[in-house]
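The lines below spell out each chain.
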Amino acid sequence: MVNHQTIGQSTAPLSADDLAALRENLHEQRLFRQEQLCRLAGPVTSRAEDRLRQQAASQIEVHIKLTASARMVLADVEAALKRMDDGSYGTCHLCRRPIDRQRLMIVPQARYCARCQQVKEAVP
């Protein structure tokens, strides 16, 4: 059953102030992810090496997954900034309808409207 409240489209377009705030948010996210990747990939000191040797395989796997996640989010943020620059920001990649303003305020790097995102996640 589809909950239409979560997938309804807002008719309010993004204002210039909205876009400026979203751009600032995306720039902050990009900086955070770049710094996170630098920390995760930084040089290993001898003390850190000893610690890594003592860590369980699951902890190393978490580190790898965090790195992959940070790279993925960084790529999404940079793609959103590029869409802002080329004028396609806020348009769903699948249905080409506007993405709900509230969705963009929560997930500024969103590529899909809520309906298409639900469909995309439902497909295995």
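Our subject is the structure listed above.
Residues numbered from 1 in each chain as written. Predicted model: local features only at pLDDT ≥ 70, side-chain atom pairs only at ≥ 80, totals over all residues. Heavy atoms only, no water.

For the chain, the count of helices and strands is six helices and zero strands. When the elements of the chain are put in sequence order from the N terminus, they spell out α-α-α-α-α-α. Across the 124 residues that make up the chain, the buried fraction comes to 24%. Put simply, of all contacts in the chain between residues at least 6 apart along the chain, 64% involve residues at least 24 apart. Summed over its atoms, the accessible surface of the chain is roughly 8,800 Å², and 56% of this surface lies on carbon and sulfur atoms. (Helix = DSSP H or I, 4+ residues; strand = E, 2+ residues; numbered from the N terminus. Buried < 20%, exposed > 50% of the residue type's maximum accessible area, 1.4 Å probe, protein only. Contact = heavy atoms within 4.5 Å. Areas by Shrake-Rupley, 256 points an atom, 1.4 Å probe, with all protein chains shown as cover.)

With that settled, the discussion passes to the side chain of Arg83. Tracing the chain through its elements places Arg83 in helix H4 (residues 57–86). Aside from chain neighbours lying at most four places away, what touches Arg83 is Ser88, Tyr89, His93, Gln109, Ala110 and Arg111.

Moving on to the environment of Ala41. The topology assignment puts Ala41 in helix H2 (residues 16–41). With 22 residues separating them along the chain, Ala41 and His63 place their C-alpha atoms 9.8 Å apart.

Turning to the side chain of Gln36, a few remarks are in order. Along the chain, Gln36 falls in helix H2. Among the polar contacts made by the side chain of Gln36, one reaches the side chain of Arg33 at a distance of 2.8 Å. (Polar contact = N/O pair within 3.5 Å; in protein donor to acceptor, adjacent residues only side chain to side chain.)

Another aspect to go through is unusual backbone geometry. Residue Arg96 is not a glycine yet carries a positive backbone phi of 65 degrees. Counting through the fold element by element, Arg96 comes out in the loop between H4 and helix H5 (101–106). We classify Arg96 as exposed; its relative accessible area is 57%.

Attention now moves to the pattern of salt bridges. The tally for this structure, following the rule as stated, stands at four salt bridges. Residue Asp18 pairs with Arg101 through a salt bridge whose shortest N-O separation is 2.7 Å. Taken together, the residues span a long stretch of sequence, with Asp18 in helix H2 and Arg101 in helix H5 at a distance of 83 residues. Overall, the relative accessible area of 9% leaves Asp18 in the buried class. For Arg101, a relative accessible area of 26% corresponds to the partly exposed category. A salt bridge links Arg111 to Asp76, with the nearest nitrogen and oxygen atoms 3.2 Å apart. (Salt bridge = Lys/Arg side-chain N within 4 Å of Asp/Glu carboxyl O.)

Counting residues in each nonpolar core, the largest one holds 15 residues, and the members touching the most others are Leu26, Met84, Tyr89, Cys92 and Leu104. In terms of residues, this core owes the most to one element, H4, which gives five residues. In this structure Met84 touches Leu19, Leu22, Arg23, Leu26 and Tyr89, once residues within four positions along its chain are discounted. (Core = buried A, V, L, I, M, F, W, Y, C linked by side-chain atoms within 4.5 Å.)

On the surface, Met105, Ile106 and Val107 cluster together into a nonpolar patch covering about 260 Å² of accessible area. Relative to the elements of secondary structure, Val107 occurs in the loop between H5 and helix H6 (114–122). (Patch = residues over 30% accessible without salt bridge, like charges linked within 9 Å, V, L, I, M, F, W, Y side chains within 5 Å.)

Read these as spatial facts, not as claims about activity.
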